[in-house]
Amino acid sequence: TGYMLYDSVVGYVLETWVPGVGPVLSGEHWNYLGHHILCGLCMLSARIMGTGQSAAMVMMFTGEFTAPLMNLQLIFEKSLEMKDCCGSDLAWVRLAAQFINQVFS
């Protein structure tokens, strides 16, 4: 629960902070923020109720298991945005990005 709170504040609120406006969150940011809130509530409810620890552990396992896919998705996304620098004109980069998007979603 502490990690979810930390990651939500540092990863989404502070990184998108605009002085005088506050955090400017896109649709994707709201999805991840909602994900962190729900995961935190699930883990907190297991702690409060004294039951559901297995469900919380499975949830954490699947989250950590898919983290490398999320990292690959980000790498290919940034590679395609950089155009000339990282070979976005190469067919395999576009195909790999599409494949990772399909697998991760």
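For the structure, see preceding data.
Residues numbered from 1 in each chain as written. Predicted model: local features only at pLDDT ≥ 70, side-chain atom pairs only at ≥ 80, totals over all residues. Heavy atoms only, no water.

Within this structure, the stated rule accounts for 1 salt bridge. Here Glu-81 makes a salt bridge to Lys-78, at a shortest N to O gap of 3.6 Å. Residue Glu-81 and its partner Lys-78 are located together in helix α4 (residues 67–81), separated by 3 residues, close to a single helical turn. (Salt bridge = Lys/Arg side-chain N within 4 Å of Asp/Glu carboxyl O. Helix = DSSP H or I, 4+ residues; strand = E, 2+ residues; numbered from the N terminus.)

Next up on the list: the environment of Gly-52. With respect to the element layout, Gly-52 can be found in the loop between α2 (27–49) and α3 (53–65). For Gly-52, a relative accessible area of 28% translates into the label partly exposed. Along the primary structure Gly-52 and Val-103 are separated by 51 residues, whereas in three dimensions their C-alpha atoms are 28 Å apart. (Buried < 20%, exposed > 50% of the residue type's maximum accessible area, 1.4 Å probe, protein only.)

What the largest pocket holds in volume is close to 640 Å³. In this structure, the largest pocket is lined by 24 residues; those nearest its centre are Tyr-3, Asp-7, His-35, His-36 and Met-70. Elements that contribute at least two residues to the lining of the largest pocket include exactly α1 (2–14), α2, α3 and α4. No other element matches α2, which puts 6 residues into the lining of the largest pocket. If you add up the space inside the second largest pocket, you get close to 270 Å³. Every residue along the wall of the second largest pocket is listed here: Tyr-12, Glu-28, His-29, Tyr-32, Met-70, Asn-71, Gln-73, Leu-74, Glu-77 and Lys-78. (1 Å grid on protein atoms, 1.4 Å probe; cavity = no way out; pocket = protein on both sides within 12 Å on 5 of 7 lines; lining within 4 Å. Points joined across faces, edges and corners; volume = space filled by probe spheres on them.)

Okay, α2 next. Taking 1.5 Å of rise per residue, the 23 residues of α2 would be expected to cover 33 Å, and the 33 Å separating its terminal C-alpha atoms lies within 8% of that figure. Taken residue by residue, α2 has Leu-33, His-36, Cys-39, Gly-40, Met-43 and Ala-46 as its buried positions. Buried residues along α2 sit in contact with α1 and α3. In the stretch just after α2, Gly-50 is the one whose phi turns positive, near 75 degrees. (Expected span 1.5 Å × (residues − 1). Contact = heavy atoms within 4.5 Å.)

Moving on, we get to the packing of aromatic side chains. Inspection of every chain in the model, using the stated rule, returns 2 aromatic pairs. Seen in terms of ring centroids, Phe-76 and Trp-92 are 6.4 Å apart; in terms of plane orientation they differ by 85 degrees. Their pairing is edge-to-face. Within this pair, whereas Phe-76 is found in helix α4, its partner Trp-92 is found in helix α5 (residues 91–104), the two being separated by 16 residues in sequence. We classify Phe-76 as buried; its relative accessible area is 14%. Of the residues examined, Trp-92 reaches a relative accessible area of 54% and is grouped as exposed. (Phe/Tyr/Trp six-rings, centres within 6.5 Å; stacked < 30°, edge-to-face > 60°.)

Read these as spatial facts, not as claims about activity.
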